[in-house]
Amino acid sequence: GTGSSHATTQRGACAPTAKSGSIAIPDLTPGTYKVELDGVDAAGDATFYGEIAKQSVKEGKTVETAVIGLSPKPGEVAVNWLLPDGATRCAVAKIEDVEFSLYYRTTQLVAGPTKIDCNSVDFAFTDLLPDDAYKVIAYAYDSSKKKIAKGSTDFFPLKAGDELSKDIQLETCPGDPPVCQ
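Figured I'd write up the structure that's included with this text. This is a predicted model, so every value here is computed, not measured.

Positionally, Asp-97 belongs in strand E5 (residues 97–104). Side-chain polar atoms of Asp-97 contact the side chain of Lys-145, separated by 3.2 Å.

Here you go:
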C-alpha cells in the first residue's frame, strides 16, 4: 500500500478452459495497492499479464477491482557479442561501437538500430511481443565510425514471458581495411 513496504502474493486457479475467474485477498491493511496478475499456462509459465495501477482498500470494506484484462507477457532478448578472430578486448579487435537491430519475418525492423560502446557488458531488447521468427543483426564500428565486422543470430522463436540470451559471433568484413556492405 501507499507509504508501506508491505506486499502480498495470492495464488488462485481458474478451471483449465475458463476465460475468466476471480480471487479474494483477505485482511489487507488499508491503503492503495497495485494489483498485478499473471496468467500461468499448464507448464507453470507466466505467459499473460495484467495490472491495475491503483486500487484503494478501506478498513472493513470489501472492494472489487475493475475487470483486469490479460495480455501476452512481454519477452526479452539479451544479446552477447563475441569479438572477431578470438579477440578478448575491443581495443585489440579495433572495435569501438556495436550496433544491434531486431527483425522478425525476414525484413520487418522491430527495434533498433541501437549503437552501444563495445566495452559495455550487456544489451537487451525488452517489451517484445511473442513471435516465431525473430533475428538480431549486429555491426561493429571502428574509431572512424566505419563498419568493420558483422554477425547475426539465426531466426528464433520468442514465447510470451521468455527471457532469452543470444550470442552473436562478429566476423571481420572482407578487405584491407575491412568494409561491410
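Turning to the nonpolar core, a few remarks are in order. If you look at the biggest cluster of nonpolar residues, it comprises 26 residues, and the most contacted ones within it are Trp-81, Ile-95 and Phe-100. Those elements that place two or more of their residues in this core are strand E4 (75–82), helix H1 (90–93), E5, strand E7 (123–128), strand E8 (131–141), strand E9 (147–152) and strand E10 (156–158). Residue contributions to this core peak at 4 residues, all from E8. Once you skip the residues sitting within four places of it in the chain, Trp-81 turns out to touch Val-98, Phe-100, Ile-116, Asp-117, Cys-118, Ser-120, Phe-123, Ile-168 and Leu-170.

Time to look at the state of the cysteines. With the rule as written, the count across this model stands at 2 disulfides. The disulfide that involves Cys-90 links it to Cys-118, with 2.0 Å between the sulfurs. Note on the Cys-90 and Cys-118 pair: the S-S dihedral is about -80°, so by sign convention the disulfide is left-handed. A residue pair is termed long-range when its members are at least 10 positions apart, and Cys-90 in helix H1 and Cys-118 in the loop between strand E6 (108–117) and E7 qualify at 28 residues. Of the two residues, Cys-90 and Cys-118, both sit in the buried class. In this model, Cys-173 is linked to Cys-180 through a disulfide, with the two sulfur atoms separated by 1.7 Å. Taking the sign of the torsion about the S-S bond as the criterion, the disulfide between Cys-173 and Cys-180, at about 80°, is right-handed. If the cysteines joined by disulfides in the protein chain are listed in sequence order, their pairing comes out as 1-2, 3-4.

Definitions and limits used
Residues numbered from 1 in each chain as written. Predicted model: local features only at pLDDT ≥ 70, side-chain atom pairs only at ≥ 80, totals over all residues. Heavy atoms only, no water. Helix = DSSP H or I, 4+ residues; strand = E, 2+ residues; numbered from the N terminus. Polar contact = N/O pair within 3.5 Å; in protein donor to acceptor, adjacent residues only side chain to side chain. Core = buried A, V, L, I, M, F, W, Y, C linked by side-chain atoms within 4.5 Å. Buried < 20%, exposed > 50% of the residue type's maximum accessible area, 1.4 Å probe, protein only. Contact = heavy atoms within 4.5 Å. Disulfide = S-S within 2.5 Å.

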